[in-house]
Amino acid sequence: MGPNPFIGVIYHWIGGFASATNFIPFRSIKRWSWEIYWLIQGFAAWIVAPLVLAFIFVPNLSSILHTAYQQAPSTFYYTILWGILWGMGGLTFGLAIRYLGFALGYAIALGLCTAFGTLIPPIYSGEITSIMHERSGQTILLGVIVCLIAVAINGMAGVSKEREISEEDMIEAGERDYSFGKGLAVAIFAGIMSSFFAFGLKAGAPIAVIAKQQLLAHHHLDLWQNLPVLIVVLWGGFLTNFVWSVILIFKNESIKQFAGQPGLNPMRATHASGDTMVDFDPLDPSTYDRLSPRTLLANYFFAALAGVIWYFQFFFYSMGQTKMGKYDFSSWTLHMASIIIFATLWGIALKEWRGTSLRTKALVTLGLALLVGSTVIVGYGNYLKTLEAPATALLR
């Protein structure tokens with residue numbers, strides 16, 4: 001199957017929705033510290049889900065990974081290394097959400113991630129020169145610029161919000177720790193480090209080549225060729241998060257929470273009521289000395305659910321990337337912009353902008369509209385490339 005940018009954009013939008021939604025199950029977790037549920041969701045997202053789905057859709061998965069390692073061990077090492085660096089961004093991303101809320105945390109951190117993850121790979125490979133001299137490439141770069149403008153506008157909305165919203169409204173929206181200054185610093189670091197995921201996918205391209213051969217040999221769609229690459233990249237990401245979570249578990253002596261001892265949740269991403277993750281409900285005995293088996297099981301379920309939902313962003317990303325043709329680097333822009341779009345919508349649904357002025361809400365709306373526009377522009381640029389390819393072949 002050849003490139004189809006329209007279908008590719010749809011896949012990226014589905015992946016963006018999954019990424020923007022994965023934090024929602026965390027709001028239902030009661031009396032667990034961050035490191036506990038983060039480790040569980042990470043194991044589900046970065047170990048279990050990638051292996052299970054790749055095993056389902058890719059034939060001879062173990063053989064593919066073994067062959068790729070034998071042919072070029074450095075491919076594995078570099079792919080895992082980029083995954084480790086990306087994992088540092090994932091660690092701090094949760095803090096960005098804590099300080100900025102869903103809408104701004106995603107917009108600023110992923111906006112920077114968009115720029116670095118989209119532009120640096122073709123600059124590193126030397127493809128940027130040819131890209132800038134083709135109409136299709138220029139269109140895609142325009143889409144990246146529009147995306148960054150939208151992020152800047154969302155940042156302006158964040159500054160305006162901080163000046164206008166009351167502390168009571170912050171608490172009601174689950175943003176007790178809102179701080180634009182702290183959040184911006186953390187989001188910048190998270191955005192830069194998270195962009196290394198794109199490098200991991202690039203480094204793992206030889207694995208995808210072998211997977212594609214196996215898929216076609218078994219008369220399967222080559223749509224799944226990047227699933228084995230995700231396994232290796234996410235190994236690196238899990239390693240970073242596992243080490244940090246274990247450090248926190250020993251530091252905070254929270255290991256007993258796995259068995260039902262209650263703890264505190266520093267994210268505080270829900271309403272200040274008896275159902276919050278930090279307070280206890282006097283009518284619910286499970287929130288006193290120990291969590292009830294039902295509550296404990298629910299915590300495991302929601303943490304794992306968050307992880308599985310998170311993985312689906314890259315499940316659909318890998319599918320969308322195969323449809324973008326030569327300029328598959330633009331997939332990163334489409335993916336990031338889609339995440340920010342849906343995160344902004346979640347922010348509106350969770351009333352994160354309640355109490356702000358009409359000007360601030362207009363900025364949020366404008367930023368959202370530009371983000372939608374950026375995905376359309378990038379998709380159109382890839383469409384132009386599919387038209388240029390036949391013309392180039394005729395000239396030869």
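Cut-offs and rules
Residues numbered from 1 in each chain as written. Predicted model: local features only at pLDDT ≥ 70, side-chain atom pairs only at ≥ 80, totals over all residues. Heavy atoms only, no water. Axes fitted to C-alpha atoms, helices over the stretch in contact; angles between N-to-C directions. Helix = DSSP H or I, 4+ residues; strand = E, 2+ residues; numbered from the N terminus. Parallel < 35°, antiparallel > 145°, perpendicular 65-115°, else oblique. Left-handed = near helix turned anticlockwise from the far one by under 90°. Nonpolar A, V, L, I, M, F, W, Y, C, P; charged D, E, K, R; others polar. Buried < 20%, exposed > 50% of the residue type's maximum accessible area, 1.4 Å probe, protein only. pLDDT = per-residue confidence, 0-100. Contact = heavy atoms within 4.5 Å. 1 Å grid on protein atoms, 1.4 Å probe; cavity = no way out; pocket = protein on both sides within 12 Å on 5 of 7 lines; lining within 4 Å. Points joined across faces, edges and corners; volume = space filled by probe spheres on them.

Axis separation between helix α2 (residues 34–57) and helix α11 (residues 227–252) bottoms out at 9 Å; the angle between their running directions is 160°. One finds that α2 runs roughly antiparallel with respect to α11. With respect to the hand of their crossing, α2 and α11 are arranged in left-handed fashion. Class assignment for the residues of the contact of α2 with α11 results in 22 nonpolar, five polar and one charged.

Time to look at the side chain of S338. Among the structural elements, S338 can be located in helix α13 (residues 331–349). With relative accessibility at 0%, the residue S338 sits in the buried group.

In regions of low pLDDT, the predicted coordinates are not meant to be interpreted in detail. With 80% of its residues at a pLDDT of at least 70, the chain reaches an overall mean of 79. Under a pLDDT of 50 for its full length, residues 266–279 has, in the predicted model, 46 contacts with residues more than four places off or in other chains. Note on residues 391–396: pLDDT is under 50 here. Beyond four places in sequence and across chains, it has zero contacts.

Where empty space is left in the structure can be found by rolling a water-sized probe over the atoms. One pass over the full model with this rule turns up two cavities of 30 Å³ or more. When its volume is computed, the largest cavity comes out at roughly 270 Å³. Around the largest cavity, the lining comprises 20 residues; the ones closest to its centre are S19, W86, F93, W310 and Q313. Of all the elements in the fold, those that place two or more residues in the lining of the largest cavity are α2, α4 (73–125), α12 (293–321) and α13. Here the element with the most residues in the lining of the largest cavity is α4; it accounts for seven residues. Residues of the lining of the largest cavity, tallied by class, amount to 13 nonpolar, seven polar and no charged.

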